[in-house]
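Each chain, letter by letter, is given below.
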Amino acid sequence: MIEADRDLCIGAGMCAVTAPEVFDQDDDGIVVTLAEQPGPDDTELVREAVQLCPAGALRLSGS
Ligand code: SF4
C-alpha cells in the first residue's frame, strides 16, 4: 500500500516527477496519491520516490 503523509509533505515534487502514474500534487504542491497500490511497472519507481522524498512523507508497505 502506498501512503503519503500530507502533513509532512513540503511540496518538493520529487515523487510526482519520479512516479507520475502514482503521485501528483494539488494546487498547493502537496502530494496526492493516484493509486493505493503500485502497478507492476511502478513498484520500483515508487520505492525510488520513497527514498527521494526529502520530507520522509512516503511509505510503501505490504509488497
Ligand atoms: S517528494 Fe515528498 S515532499 Fe515532495 S511532494 Fe512528494 S511527498 Fe511531498
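Residues numbered from 1 in each chain as written. Predicted model: local features only at pLDDT ≥ 70, side-chain atom pairs only at ≥ 80, totals over all residues. Heavy atoms only, no water.

By the naming in an unreviewed UniProt entry, the protein goes by Ferredoxin and is assigned to Prauserella cavernicola. Quoted verbatim from the Cofactor (unreviewed entry) field of the UniProt record, the comment on the protein reads "[3Fe-4S] cluster". Its UniProt record gives the protein the following Function (unreviewed entry) comment, quoted word for word: "Ferredoxins are iron-sulfur proteins that transfer electrons in a wide variety of metabolic reactions." (UniProt positions renumbered as here; feature names shortened; annotations may be inferred.)

Draft legend 1. Quick peek at the overall build of the protein. In terms of regular secondary structure, the protein is built from two helices and four strands. For the protein, the sequential pattern of α-helices and β-strands runs β-α-β-β-α-β. In summary, the protein has a C-alpha radius of gyration of 10 Å against a globular reference of 11 Å for 63 residues, a match within 12%. By principal-axis analysis of the C-alpha atoms, the protein measures approximately 30 × 20 × 15 Å. Here the protein holds 63 residues, and 32% of them are scored as buried. Taking the intrachain contacts of the protein between residues at least 6 apart in sequence as the baseline, contacts between residues at least 24 apart amount to 51%. For the protein, the exposed surface amounts to about 4000 Å²; the carbon and sulfur share of it is 47%. (Helix = DSSP H or I, 4+ residues; strand = E, 2+ residues; numbered from the N terminus. Rg over C-alpha atoms; globule rule 2.2 N^0.38 Å. Buried < 20%, exposed > 50% of the residue type's maximum accessible area, 1.4 Å probe, protein only. Contact = heavy atoms within 4.5 Å. Areas by Shrake-Rupley, 256 points an atom, 1.4 Å probe, with all protein chains shown as cover.)

Draft legend 2. Broad picture of the site of the ligand. Lining the immediate environment of the ligand, one finds Cys9, Ile10, Gly11, Ala12, Gly13, Met14, Cys15, Val31, Cys53, Ala55, Ala57 and Leu58. Class assignment of the residues belonging to the shell around the ligand gives a composition of 10 nonpolar, two polar and no charged. (Near = heavy atom within 4 Å. Nonpolar A, V, L, I, M, F, W, Y, C, P; charged D, E, K, R; others polar.)

Draft legend 3. Summary view of the pattern of salt bridges. Under the defined criterion, the tally for this structure stands at two salt bridges. Among the ionic pairs, Asp26 bridges to Arg6, the shortest N-O distance being 3.0 Å. Within this pair, whereas Asp26 is found in the loop between strand 2 (23-25) and strand 3 (31-33), its partner Arg6 is found in the loop between strand 1 (2-4) and helix 1 (14-18), the two being separated by 20 residues in sequence. Judged by its relative accessible area of 24%, Asp26 is partly exposed. (Salt bridge = Lys/Arg side-chain N within 4 Å of Asp/Glu carboxyl O.)

Draft legend 4. View of the nonpolar core. The biggest cluster of nonpolar side chains holds 13 residues, and the ones touching the most others in it are Cys15, Val22, Phe23, Val31, Val46 and Leu58. Each residue touching Val31, except ones within four places of it in the same chain, is listed here: Ala4, Arg6, Cys9, Cys15, Phe23, Asp24, Gln25 and Leu58. (Core = buried A, V, L, I, M, F, W, Y, C linked by side-chain atoms within 4.5 Å.)

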